[in-house]
Structures are given as structure tokens and as C-alpha cells.
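Chain by chain, the residues run as shown.
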Amino acid sequence: MAGLNLKGINKIYPNGFHAVKSIDLEIKDKEFLVFVGPSGCGKTTTLRMIAGLEEISDGELLIGEQVVNNILPKDRNIAMVFQNYALYPHMTVFENMAFGLKLRKVKKTDIEAKVNKAAGILGIENLLKRRPKQLSGGQRQRVALGRAIVREPEVFLMDEPLSNLDAKLRVQMRAELIKLHHELDTTFIYVTHDQTEAMTMGTRICVMNNGSIQQVDTPREIYNHPANMFVASFIGAPQMNFMDGKLIEENGQLLVDYNGFKLPLPEDKVKVAKEKGYINKELIIGCRPEDIMIDGDTGFDAEIEVIELLGSETYIYYSAFGKTFIAKEGKHFTKVRGDKMKIAFKNNVHAFDKETEEAIF
């Protein structure tokens, strides 16, 4: 088994496009690391450089203790699962899973043992004689995973492997991949643009944007303490609400003032704000939809524009100060479009620098 170390990794294409910018990242042995970000952010390019499918323009890539920049993909002891499964249509499931082992001239008895073991782990023993066209999307994905498992690689690389599946099957396969990671006890590196996949699957998440790493941490830490406005808006569904505000001091108390509504800050945030010199400065206030209080005794006036009932949760889109905000309530929310209400932020607010968009607290 092996961890990976990316040291100053860059990818610059011949046309000058700088796709990946000076990435420094240590991926621990046996962890499940998820690269997440919008399309074009550089996450798949980074994965392909790890696989050896893209040349590294600058920097060093280590797998274990070995620098692998100039080592061919087949010699890196990694296995990659693609978005489109990449199965050979004329081969059976068994032949697809065994193909890489045959190329490496593994003994026939060992091939049969490895394929049968992988098929047992994935629950596809009864599919080994079928061809890909006879399989569902979920079954094809399991075959692609099986083909990777039989190689017994040090690192599994997965490029949006669930994106072609329907919503119900994606949820099922997420759980299957988490169980598979625990069972194989090896390093998984996974690429997705779906923040729900990232939050539910990764032991750590690497959030990328415009070719750069924005934050690397556990899902809980990234959700509760985003490093900047991009991470705060990208991670979380629905996304965080933002509005202009100011930190003011009244009667010895530090308050967040947004459109005349004043919210006292918890002591830990007061300390941070003072240390960073943000008293009487304008900033951006962020508030998660679940941290919005509806129809309390105080707050600002708002009007409901749209209501989305999602079974156990209700998303409420409301207008105030010429902007649209989102709140999250339970299934018993009874108000309707056009209703007026009082809105307030709970004291679990986030604050960001207005110029740099970096988190203050």
C-alpha cells in the first residue's frame, strides 16, 4: 500500500493554458480522498497526471517513496475506473476482468482465483458469462471496479464513476464504494463535481477551482469552517446565503450589523474578529439555510417567492433587500408563496473579507 505526495505539480498545455497550478498535496496511505469542484477546475487533469495519462509540466509526483514522473502508467501499480466504464463489448464479464492479468502473463489458475474473489466482493458472480450489452449501468460499473480490483493496485483512481447512473443507483453505489474501500483497505482517489458525493464518501475532501486547491480537510471541517466564499458556496445544499454586513461595537458588545439587524457574536468569534482587526469594517456575512430563523420576534421583513418540498425537508426561497435568500425547514412548514414573514440569522454566521473573500470566522 502507498500514499502519494504531489509537490508543486503544474499542467500547462502547448497553447499556454495553465490547467493545474502549483499543487502541493499529501494523500495518506489507505485514505479516501475526493477531488471536488466545478467543471474545468483541474481535478480530472490532476487525476490523469497521477495515473500517468497526462504529462506533468513541472513538479514532482511520488507514490510511496518513488518519484514516478517518468514512469509509464502500467508500471505505477495503480488502477483507474473511468466514467464510461471502458469495457470491451466483445468480451464476457470474466474476460473483461481478466484481460489486464493476461497481459501481465499471470497464471490461469491465479487469474480465475482473483476474478472469482473480486466478483464475490462485488456480488456479480452470476454475471461472469454475460457481455456488457446484457448488463445494466450499475452492473457495468461493478465490472469496471472488478477489473481494477483484480490488479491489487496500491492506489485506486476513479473519475466520476457514478455520473452515468440514475439517482437511486448513485446513492446505492456510493454506499457500495465506501464498503469496498473499507474491505480493500487501500488508497482511493476519487474525482467528482457532485458535492454530495464528496461529503458522504471522502475521509478528506480537496476542493479545487481554477486549477488551484482552495481547501483540503475532512467533510465536517470544510462544511463548518470553509476557507473562503468559494468553498462556502460550493459545499452545502442549498448553498450558503451571502449579504453585506459590518462589525460594530456597542456598549462594549461586538455585533454583526446587516441592513439594520444586529446580531451579537459568540465569544470565540469576537476574539477572532478583534485579533484580525475587523472592528468597524465592512465584510460579507454568510449564513447556511438551516441557520436562518423564520418568524421569530425580531428580524427583517421578507416575502416567500418559491417553496420546494423535498419530503423530510422544505426549501424556502424568499426576497429581502432586492435579493433572494434560501432557508431550510422541516416537512411541516405550512406557509405558501406570497406570505410575509420575519427572517433572522442565528448566531452561527460566517464572515468573509470583502476584497479577498477569505474567511474571517
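The coordinates are above.
Residues numbered from 1 in each chain as written. Predicted model: local features only at pLDDT ≥ 70, side-chain atom pairs only at ≥ 80, totals over all residues. Heavy atoms only, no water.

Asks: For this particular structure, what's the right way to read the pattern of salt bridges?
Replies: Between side chains of opposite charge, a pair can form when the charged atoms approach closely. According to the stated counting rule, one finds 14 salt bridges in the structure shown. With a closest N to O distance of 2.7 Å, Glu31 and Arg204 form a salt bridge. With a gap of 173 residues between them, Glu31 in the loop between strand S2 (18-27) and strand S3 (32-36) and Arg204 in strand S9 (residues 204-209) connect regions that are remote in the sequence. An identical accessibility class is assigned to Glu31 and Arg204; each is buried. Between Arg48 and Glu54 there is a salt bridge, with the nearest N and O atoms lying 3.6 Å from each other. (Salt bridge = Lys/Arg side-chain N within 4 Å of Asp/Glu carboxyl O. Helix = DSSP H or I, 4+ residues; strand = E, 2+ residues; numbered from the N terminus. Buried < 20%, exposed > 50% of the residue type's maximum accessible area, 1.4 Å probe, protein only.)

Asks: Which parts of the structure should I look at to understand helix H4 (residues 137-149)?
Replies: Given 3.6 residues to a turn, an α-helix orients residues that are three or four positions apart in the same direction. Between its first and last C-alpha, H4 extends 18 Å over 13 residues, near the 18 Å set by a 1.5 Å rise per residue. The set of residues buried in H4 consists of Gly138, Gln141, Arg142, Val143, Ala144, Leu145, Gly146, Arg147, Ala148 and Ile149. Contacts made by the buried residues of H4 are with strand S6 (78-81), helix H2 (93-103), helix H3 (108-122), strand S7 (155-159) and helix H5 (167-184). (Expected span 1.5 Å × (residues − 1). Contact = heavy atoms within 4.5 Å.)

Asks: Mind showing me how you'd approach the packing of aromatic side chains here?
Replies: The description of an aromatic ring pair uses the distance of the two centres, along with the angle that the planes make with each other. A complete count under the given rule lists 12 aromatic pairs for this structure. On the basis of an interplanar angle of 45 degrees and a centroid distance of 5.0 Å, the ring pair of Phe156 and Phe188 is categorised as tilted. Of this pair, Phe156 sits in strand S7 while Phe188 sits in strand S8 (residues 187-192), placing them 32 residues apart in sequence. Looking at Phe156, the relative accessible area reads 3%, which means it is buried. By relative accessible area, Phe188 is classed as buried at 0%. Ring plane angle 20 degrees and centroid distance 5.6 Å describe the contact between Tyr318 and Phe325, whose orientation is recorded as stacked. Grouping residues by exposure puts Tyr318 and Phe325 together as buried. The structure contains a cluster of three or more aromatic residues connected by ring pairs, namely Tyr258, Phe261, Phe300, Phe321 and Phe345. Between the NZ or CZ atom of Lys11 and the centre of the ring of Tyr13, over which it lies, the distance is 4.9 Å. (Phe/Tyr/Trp six-rings, centres within 6.5 Å; stacked < 30°, edge-to-face > 60°. Lys NZ or Arg CZ within 6 Å of the ring centre and 35° of its normal.)

Asks: How should I be thinking about the sheet that holds strand S12 (residues 253-258) in this particular structure?
Replies: The strands making up a sheet associate through backbone hydrogen bonding, with each pair oriented either parallel or antiparallel. One open sheet holds the five strands; their spatial order is S13-S12-S11-S14-S20, and the pairing between them is antiparallel. The sheet is open, and its two edges are formed by strand S13 (261-264) and strand S20 (350-353), each paired on a single side. Ignoring which end each strand starts from, the neighbouring axes of this sheet average 40 degrees apart. In this sheet, S20 lies alongside strand S14 (residues 282-287) in antiparallel orientation, the contact comprising four bridges. (Pairing = 2+ DSSP bridges. Axes fitted to C-alpha atoms, helices over the stretch in contact; angles between N-to-C directions.)

Asks: Teacher, can you tell me more about the nonpolar core here?
Replies: In globular proteins that are soluble, nonpolar side chains generally tend to be buried together. If you look at the biggest cluster of nonpolar residues, it comprises 46 residues, and the most contacted ones within it are Met97, Leu145, Met158, Leu177, Leu180, Tyr190 and Val207. If near-sequence neighbours (up to four positions away) are discounted, Leu180 is found in contact with Ile121, Leu122, Leu145, Ile149 and Phe188. Listed in part, the 33 residues of the second largest apolar core include Leu263, Cys287, Phe333 and Met341. (Core = buried A, V, L, I, M, F, W, Y, C linked by side-chain atoms within 4.5 Å.)

Asks: Would you mind showing me how to read the pairing of S3 here?
Replies: For a regular strand, side chains alternate in direction, first toward one face of the sheet and then toward the other. Among the five residues in S3, five count as buried, and that is most of the element. What you see with S3 is no split at all: Phe32, Val34 and Val36 on one side and Leu33 and Phe35 on the other are buried throughout. Pairing of S3 with S9, which is carried by four bridges, proceeds in the parallel orientation. Within S9, the residue paired with Val36 across the bridge is Val207.

Bear in mind that shape data such as this cannot, by itself, settle questions of function.
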